[in-house]
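Letter by letter, the chains look like this.
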Amino acid sequence: MNNPQMANDQLKKDLNDILKIKGKVTKERPVKGLIKKEYFCKFLENYKYANDRAIMLKQDFLVDFVNFEEPFVQAIEALVKLHFNKHQAHLIEWWLYDKWNTGDEGTLQLHNPETEEEIPSDTAEQLWDLLQTLK
């Protein structure tokens, strides 16, 4: 099997037969930065969901998990501080804890102090892009 296309076809068939994985076979590897961005976004969205759920349980059902969750929160915050610089960590904490919890239906927005233009920060992807400017 010297033909690369035949080798790719065989690999694709084997992956499907053995692991039930369907997809395209490629020699290219994902760019490391894209992988980091993907994992960061997944982390941020899931952490925000868990935080929102805890707030909802406390507000709507008077169930307070703060004492239970605190060690997990501290561990996660320590990992964020380990991986990101001080300014980046501060921005992540703002996004998680302050941006979405204004007490009303609104959200806090960042503005460029020189131009007064809004800085996009509503999605995890936008936050990632903003963090890249603070390296």
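Structural notes, computed from the coordinates.

The rules we used
- Residues numbered from 1 in each chain as written.
- Predicted model: local features only at pLDDT ≥ 70, side-chain atom pairs only at ≥ 80, totals over all residues.
- Heavy atoms only, no water.
- 1 Å grid on protein atoms, 1.4 Å probe; cavity = no way out; pocket = protein on both sides within 12 Å on 5 of 7 lines; lining within 4 Å.
- Points joined across faces, edges and corners; volume = space filled by probe spheres on them.
- Helix = DSSP H or I, 4+ residues; strand = E, 2+ residues; numbered from the N terminus.
- Nonpolar A, V, L, I, M, F, W, Y, C, P; charged D, E, K, R; others polar.
- Phe/Tyr/Trp six-rings, centres within 6.5 Å; stacked < 30°, edge-to-face > 60°.
- Lys NZ or Arg CZ within 6 Å of the ring centre and 35° of its normal.
- Salt bridge = Lys/Arg side-chain N within 4 Å of Asp/Glu carboxyl O.

This part covers empty space enclosed by the protein. Scanning the entire structure with this criterion turns up one cavity of 30 Å³ or more. Taken as a whole, the largest cavity encloses approximately 40 Å³ of empty space. Considering the residues around the largest cavity, the lining is formed by Tyr47, Ile76, Glu77, Val80, Ile92, Glu93, Leu96 and Tyr97. Ranked by residues supplied to the lining of the largest cavity, first place goes to helix H4 (residues 86-98) with four residues. Taken together, the residues of the lining of the largest cavity break down into six nonpolar, no polar and two charged.

Attention now goes to the packing of aromatic side chains. Two aromatic rings, taken as a pair, are described by how far apart their centres are and by the angle between their planes. As enumerated under the stated definition, the model contains seven aromatic pairs in all. When the centroid spacing of 5.3 Å and the interplanar angle of 85° are considered together, the rings of Trp95 and Trp100 count as edge-to-face. Against the face of Trp100 rests Lys48, its NZ or CZ located 4.7 Å from the ring centre.

For the rest of this paragraph, the subject is the pattern of salt bridges. Opposite charge on two side chains permits pairing when their charged atoms draw close. The tally for this structure, following the rule as stated, stands at five salt bridges. A salt bridge links Lys37 to Asp129; the shortest N-O distance between them is 3.3 Å. Placement of the pair is Lys37 in helix H2 (residues 32-61) and Asp129 in helix H5 (residues 124-132), with a sequence separation of 92 residues. Asp122 serves as the salt-bridge partner of Lys99, at 2.9 Å between the closest nitrogen and oxygen.

Without other data, these values stay purely geometric and don't point to any function.
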